[in-house]
Amino acid sequence: MDKVSLNINMELPIVELANLYRNNRSKLARVGLDSGLEDVPHRVIATNAVFAPWACDTGFRDLFEKVRSNTLVDQYCLHELWSLAGQLANVPGDVIEVGTWKGGSGCLIASRFRREGINLTTYLCDTFNGVVKAGEKDTFYKNGEHADSTVEDVENLAESLDVRSSIKILKGVFPDDTARELENHKFRLCHVDVDTYQGSKEITEWVWPRLNIGGAIIYDDCGSRNCPGVSRFVQEQIDHTDRFTIYNLNGHAITMKTG
Ligand SMILES: C[S@@+](CC[C@H](N)C(=O)[O-])C[C@H]1O[C@@H](n2cnc3c(N)ncnc32)[C@H](O)[C@@H]1O
């Protein structure tokens, strides 16, 4: 194993630490990490990219400050949701998020469509009892995690952002308990943030025939250390030819419907 000598003391300026990281990137990228699943390789990812559009997007920054205490999603992924929602103006259909927790990511998406003057409903789905459907294709999650959110948390955030009338909250396991009432809906965007292989699979199978061409599914936690099941599911999507799936190194995967 390569060794890196780091001459760090407590006074090291942050810029020097950033440069140390940059200068040792290729060595870091060779460090293997165990995913707990044989067919899901993990490595330290140390990319060359430094362009950060989220830093100067004032509309986004304003919203980010308002939702950050209601979300587990980081600013890179939130900015991607914000940006993609802005690019879906011409695709018809509603929006669905499965895995809403306290509402941060879902209300941010709803806010972007409202800002663009697009009249649609954003369906926000959660058990409000924590994660379900974890199984042998997952490692960290065992079911019941993130059970600390309520419908009221989401309603209050939506009220404060003035998007209460453009969201609808569906409480229960999706698709088992709550999909029935959306049977005849069409969608332009689906955000999947459920942490498990089986959950991601069932939501994708349900939404696919209801997703309009040009629409997208975004998977949170693809590549995350705690969610190898999501990475494994996304990897399987690459076999399909009616969709275009990209693994974005921020921890998102995006599947666009092309045919
Ligand atoms: C990581 S949290 C979601 C984070 C949220 N998107 C945010 O902005 O912070 C995962 C959520 O998925 C929910 N969940 C997992 N599987 C589900 C399913 N099949 N149906 C409904 N909710 C589910 C859990 O209850 C949990 O609140």
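Whatever comes next refers back to the structure up there.
Residues numbered from 1 in each chain as written. Predicted model: local features only at pLDDT ≥ 70, side-chain atom pairs only at ≥ 80, totals over all residues. Heavy atoms only, no water.

A. Quick peek at the nonpolar core. Ranked by size, the top nonpolar core spans 36 residues in total, and within it Leu78, Leu108, Phe113 and Leu189 carry the most contacts. Going through the elements one at a time, α3 (58–67), α4 (75–87), α5 (104–115), α6 (151–160), β5 (167–171) and β7 (211–219) are the ones with two or more residues in this core. Take this core: its biggest share by element is six residues, from α4. (Core = buried A, V, L, I, M, F, W, Y, C linked by side-chain atoms within 4.5 Å. Buried < 20%, exposed > 50% of the residue type's maximum accessible area, 1.4 Å probe, protein only. Helix = DSSP H or I, 4+ residues; strand = E, 2+ residues; numbered from the N terminus.)

B. Expanded view of the packing of aromatic side chains. Taken as a whole and assessed by the stated rule, the structure comprises eight aromatic pairs. An aromatic cluster of three or more residues is present, and its members are Phe60, Phe64 and Trp82. Over the ring of tryptophan 82 we find arginine 112; its NZ or CZ atom is 4.8 Å from the centre of that ring. Sitting over the face of the ring of tryptophan 208, lysine 257 holds its NZ or CZ atom 4.9 Å from the ring centroid. (Phe/Tyr/Trp six-rings, centres within 6.5 Å; stacked < 30°, edge-to-face > 60°. Lys NZ or Arg CZ within 6 Å of the ring centre and 35° of its normal.)

C. Spotlight on the site of the ligand. The environment of the ligand is formed by 20 residues, the closest being Thr71, Leu72, Gly99, Asp126 and Asp193. At 2.6 Å, a side-chain N or O of aspartate 126 approaches an oxygen atom of the ligand. Side-chain polar atom of threonine 127 to an oxygen atom of the ligand: 3.0 Å apart, as the coordinates give it. Considering only residue class, the shell around the ligand consists of nine nonpolar, eight polar and three charged. (Near = heavy atom within 4 Å. Polar contact = N/O pair within 3.5 Å; in protein donor to acceptor, adjacent residues only side chain to side chain. Nonpolar A, V, L, I, M, F, W, Y, C, P; charged D, E, K, R; others polar.)

D. The arrangement of the pairing of strand β9 (residues 252–257) in detail. Counted residue by residue, β9 has five buried out of six residues, so it is predominantly covered. Direction of pairing for β7 relative to β9: antiparallel, over a ladder of four bridges. Each residue of the ladder has a partner; that of isoleucine 217, found in β9, is threonine 255. The pairing of strand β8 (residues 243–248) with β9 spans six bridges and is classified as antiparallel. Directly across from asparagine 248, in β9, lies its bridge partner histidine 252. Between β8 and β9, which follow one another and run antiparallel, lie three residues, and glycine 251 among them has a positive phi close to 105°. (Pairing = 2+ DSSP bridges.)

E. Inspection of the packing of α3 against α4 at higher detail. Here α3 crosses α4 at 125°, and the two axes come no closer than 11 Å. Viewed along their axes, α3 and α4 adopt a mutual orientation that is oblique. When the axes of α3 and α4 are compared, the crossing they make is right-handed. Here Gly59, Phe60, Arg61, Leu63, Phe64 and Val67 of α3 come into contact with α4, specifically with Gln75, Leu78, His79 and Trp82. Residues belonging to the contact of α3 with α4 are distributed by class as follows: six nonpolar, three polar and one charged. (Axes fitted to C-alpha atoms, helices over the stretch in contact; angles between N-to-C directions. Parallel < 35°, antiparallel > 145°, perpendicular 65-115°, else oblique. Left-handed = near helix turned anticlockwise from the far one by under 90°. Contact = heavy atoms within 4.5 Å.)

F. Inspection of α5 at higher detail. Relative to the 16 Å expected for twelve residues at 1.5 Å per residue, α5 spans 16 Å between its end C-alpha atoms, a close match to the ideal helical length. Counting buried positions along α5 gives ten out of twelve residues, so the element sits mostly inside the fold. (Expected span 1.5 Å × (residues − 1).)

G. Molecular detail of the environment of serine 165. Along the chain, serine 165 falls in the loop between α6 and β5. For the pair serine 165 and threonine 122, spaced 43 residues apart in the sequence, the C-alpha separation amounts to 9.6 Å.

H. Expanded view of the sheet that holds strand β3 (residues 94–98). Pairing is mixed across the open sheet formed by seven strands, whose spatial order is β5-β4-β3-β6-β7-β9-β8. The sheet terminates laterally at β5 and β8, the two strands that pair on one side only. Taken pair by pair, the neighbouring strands of this sheet meet at an average axis angle of 15°, ignoring direction. Along the sheet, helix α7 (residues 197–207) contacts β3, β6 (187–192), β7 and β8; its crossing angle with β6, the most-contacted strand, is approximately 175°.

I. Just a nonpolar patch on the surface, in detail. The grouping of Ile14, Val15 and Leu17 at the surface amounts to a nonpolar patch, some 310 Å² of accessible area in total. We classify leucine 17 as partly exposed; its relative accessible area is 38%. (Patch = residues over 30% accessible without salt bridge, like charges linked within 9 Å, V, L, I, M, F, W, Y side chains within 5 Å. Areas by Shrake-Rupley, 256 points an atom, 1.4 Å probe, with all protein chains shown as cover. Salt bridge = Lys/Arg side-chain N within 4 Å of Asp/Glu carboxyl O.)

J. Just the packing of α4 against α5, in detail. At a minimum axis separation of 9 Å, α4 and α5 run at an interaxial angle of 30°. One way to sum up the angle between α4 and α5 is to call them roughly parallel. Handedness of the crossing formed by α4 with α5: right-handed. In this structure, α4 uses Leu78, Leu81, Trp82, Ser83, Ala85 and Gly86 to contact α5, whose residues at the interface are Ser105, Leu108, Ile109, Arg112, Phe113 and Arg115. When grouped by side-chain class, the residues that make up the contact of α4 with α5 number seven nonpolar, three polar and two charged.

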